[in-house]
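Structural overview for review
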Amino acid sequence: WLNRQWRDLVYYRATTMYFLVAVFWIDLLIRALYPWCPEAHHESPAERLALIFAFWGGSTPLAELDRGSLLDSDEMVRRRRLATFYQIVRRWPRVNLPDMPETFASTAEFETFERKVWLAYVQTYIDYLRRYPPFPMAPPSNAP
């Protein structure tokens, strides 16, 4: 059996992959349901998948899985990743997000904007799939 550290790492990686696949799935579903919506078809599916990988930190999530996420403790890393996540969520129909500012006046202002992006993701996921969306986890601190 795996020890506690390895179990935490396996659980973290599995939930992370589930989150990334869920974001890609809801994005594909919206694109299929709204073929006439230009915002939903701005990029090809491959480009959208690359955007999803980018908000996790790399060109492929498997290589970058443990390097950070949308939940990174470093606010600057989180801002960059949120900007990419925002690019996906803001193009979904019925999502009314304000433009992302170049800079934020304070951490509180950033966290308020971050909360709006997450709420748009949650609401859209629930509206289309009628279930609660998966969320990413922070990487385990005791990873081997």
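Report on the accompanying structure. Because the structure is a prediction, the values reported are computed rather than measured.

Once that is clear, we can look at helix α1 (residues 4–33). Since the α-helix packs 3.6 residues into each turn, any two residues three or four apart lie on the same face. Under the 1.5 Å per step criterion, the end-to-end length of α1 is 43 Å for 30 residues, consistent within 8% with the ideal 44 Å. Between a side-chain oxygen at the N-terminus of α1 and the backbone nitrogen of Q5 the separation is 3.2 Å; the capping residue is N3.

For the structure shown, the criterion picks out 14 aromatic pairs. Aromatic pair F19 and F85: ring centres 6.3 Å apart, planes at 50°, arrangement tilted. Highlighted residues: F19 in helix α1 and F85 in helix α4 (residues 75–89), separated in sequence by 66 residues. For the ring pair W118 and F135, a centre distance of 6.0 Å and an interplane angle of 50° mean the geometry is tilted. Here the residue W118 occupies a position in helix α5 (residues 107–129), and F135 occupies one in the segment after α5, the gap between them amounting to 17 residues. According to the relative accessible area criterion, W118 is buried, its value standing at 13%. By relative accessible area, which is 42% here, F135 ends up partly exposed. Put simply, the rings of F19, F85, W118, Y121, Y125 and F135 pair up and form one aromatic cluster. Lying over the aromatic face of F110, R79 brings its terminal NZ or CZ to 5.0 Å of the ring centre.

F19, F55, F85 and Y121 are the most contacted members of the largest nonpolar core, which has 37 residues in total. If you list the elements that add at least two residues to this core, you get α1, α2 (45–56), α4 and α5.

About the thresholds
Residues numbered from 1 in each chain as written. Predicted model: local features only at pLDDT ≥ 70, side-chain atom pairs only at ≥ 80, totals over all residues. Heavy atoms only, no water. Helix = DSSP H or I, 4+ residues; strand = E, 2+ residues; numbered from the N terminus. Expected span 1.5 Å × (residues − 1). Polar contact = N/O pair within 3.5 Å; in protein donor to acceptor, adjacent residues only side chain to side chain. Phe/Tyr/Trp six-rings, centres within 6.5 Å; stacked < 30°, edge-to-face > 60°. Buried < 20%, exposed > 50% of the residue type's maximum accessible area, 1.4 Å probe, protein only. Lys NZ or Arg CZ within 6 Å of the ring centre and 35° of its normal. Core = buried A, V, L, I, M, F, W, Y, C linked by side-chain atoms within 4.5 Å.

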